[in-house]
Amino acid sequence: MTSSQTSKKQELPPTAWAVLGLLSFPGERTGYELKKWADSSLRFFYWSPAISQIYAELRRLEELGYAVSVRSGPEAARAKRRYAITDAGREALTGWASDTADAGPPVLKHGLLLRIWLGHLADPERLRAMVEDHVERTRGELDAVREARERAADVPEWAFPVLALRWSERRHLAELELAGALLADLREAGARAADAEAGAGSGAAGAAGRQAGGDAPTPG
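This one's a predicted model, so the numbers in the text were calculated from it and none came from an experiment.

This next bit is on the overall build of the protein. Summing up its helical and strand segments, the protein has nine helices and three strands in all. Scanning the protein from its N terminus toward the C terminus, one meets helices and strands in the order α-α-β-α-α-β-β-α-α-α-α-α. Going through the 220 residues of the protein one by one, you find that 30% of them count as buried. Accessible surface for the protein amounts to roughly 14300 Å². Of this, 56% is attributable to carbon and sulfur atoms.

Shown next as structure tokens:
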């Protein structure tokens, strides 16, 4: 491997390793097939890159010698180009997968909770409706996770992806439990707000003044 390739290897983003990881399982796949597989596996515990990102990473991986591609025919469209991992790619991926120092902490970006955080600007009923919608979406995702896990259960090469899907199933179950608790919290917060509005006085005004003065609601 050249010094230029070594430098690029060190700069590979997680998405590139994820695409190379999809190629590490037996068989050759088109970019479209890789996208479908990411949608039915990676998205449940990491994320599914856009098709444009997949093709960009495939080009990068080919440049590094980590992947190779062939067309199914001289007139075949780009989508018919099939990709496979190389020995060098498998060696690099093995090293990356074994390097636990690179794993890093999980990153949570919960759009619903950002809106709950701004609940003082929203209608309580609307907030509850948003959580209920989230519950329905999560149930749908849970069904999709279980379907993917069942499809992979009898494939020996997918033993470890099945473990990731089992983890994802538990995460979605926990998300449903958290959403149920959040609905209860919203009901309690709504009741407190109604009581405060009914008994508004000097105490409530003083509390509002303290918040307006710049006190942070949480330490830090």
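The next thing to look at is the confidence of the model for the protein. When the pLDDT values of the protein are averaged, the result is 86; 83% of them are 70 or greater. Every residue in residues 3-7 is under pLDDT 50, and counting partners more than four places away or in other chains gives four contacts.

Attention now goes to the packing of aromatic side chains. One pass over the full model with this rule turns up four aromatic pairs. Centroid distance Trp17 to Trp96: 5.4 Å. Interplanar angle 10 degrees. Geometry classified as stacked. Taken together, the residues span a long stretch of sequence, with Trp17 in helix H2 (residues 14-23) and Trp96 in helix H5 (residues 87-98) at a distance of 79 residues. Exposure remark for Trp96: the relative accessible area of 33% places this residue in the partly exposed category. Here a set of aromatic residues connected by ring pairs shows up, and it is made of Trp17, Tyr66 and Trp96.

Moving on, we get to the pattern of salt bridges. Considering all chains together, one arrives at 10 salt bridges under this definition. Measuring nitrogen to oxygen at the nearest pair gives 2.7 Å for the salt bridge that ties Glu169 to Arg146. Residue Glu169 is located in helix H8 (residues 159-198), and its partner Arg146 is located in helix H7 (residues 124-152); the two are separated by 23 residues in the primary sequence. Residue class for Glu169 comes out buried when judged on its relative accessible area of 12%. Look at the salt bridges and you will find they share partners, linking Arg146, Arg149 and Glu169 into a network.

Further remarks concern the nonpolar core. Residues Trp17, Leu20, Leu23, Leu34, Leu58 and Tyr66 are the most contacted members of the largest nonpolar core, which totals 24 residues. Secondary structure elements with two or more residues in this core: H2, helix H3 (31-39), helix H4 (51-64), strand E3 (82-85) and H5. Examining the composition of this core, we find that seven residues originate from one element, H2, more than from any other. In this structure Leu20 touches Leu61, Tyr66, Ile85, Gly89 and Leu93, once residues within four positions along its chain are discounted.

Procedures and definitions
- Residues numbered from 1 in each chain as written.
- Predicted model: local features only at pLDDT ≥ 70, side-chain atom pairs only at ≥ 80, totals over all residues.
- Heavy atoms only, no water.
- Helix = DSSP H or I, 4+ residues; strand = E, 2+ residues; numbered from the N terminus.
- Buried < 20%, exposed > 50% of the residue type's maximum accessible area, 1.4 Å probe, protein only.
- Areas by Shrake-Rupley, 256 points an atom, 1.4 Å probe, with all protein chains shown as cover.
- pLDDT = per-residue confidence, 0-100.
- Contact = heavy atoms within 4.5 Å.
- Phe/Tyr/Trp six-rings, centres within 6.5 Å; stacked < 30°, edge-to-face > 60°.
- Salt bridge = Lys/Arg side-chain N within 4 Å of Asp/Glu carboxyl O.
- Core = buried A, V, L, I, M, F, W, Y, C linked by side-chain atoms within 4.5 Å.

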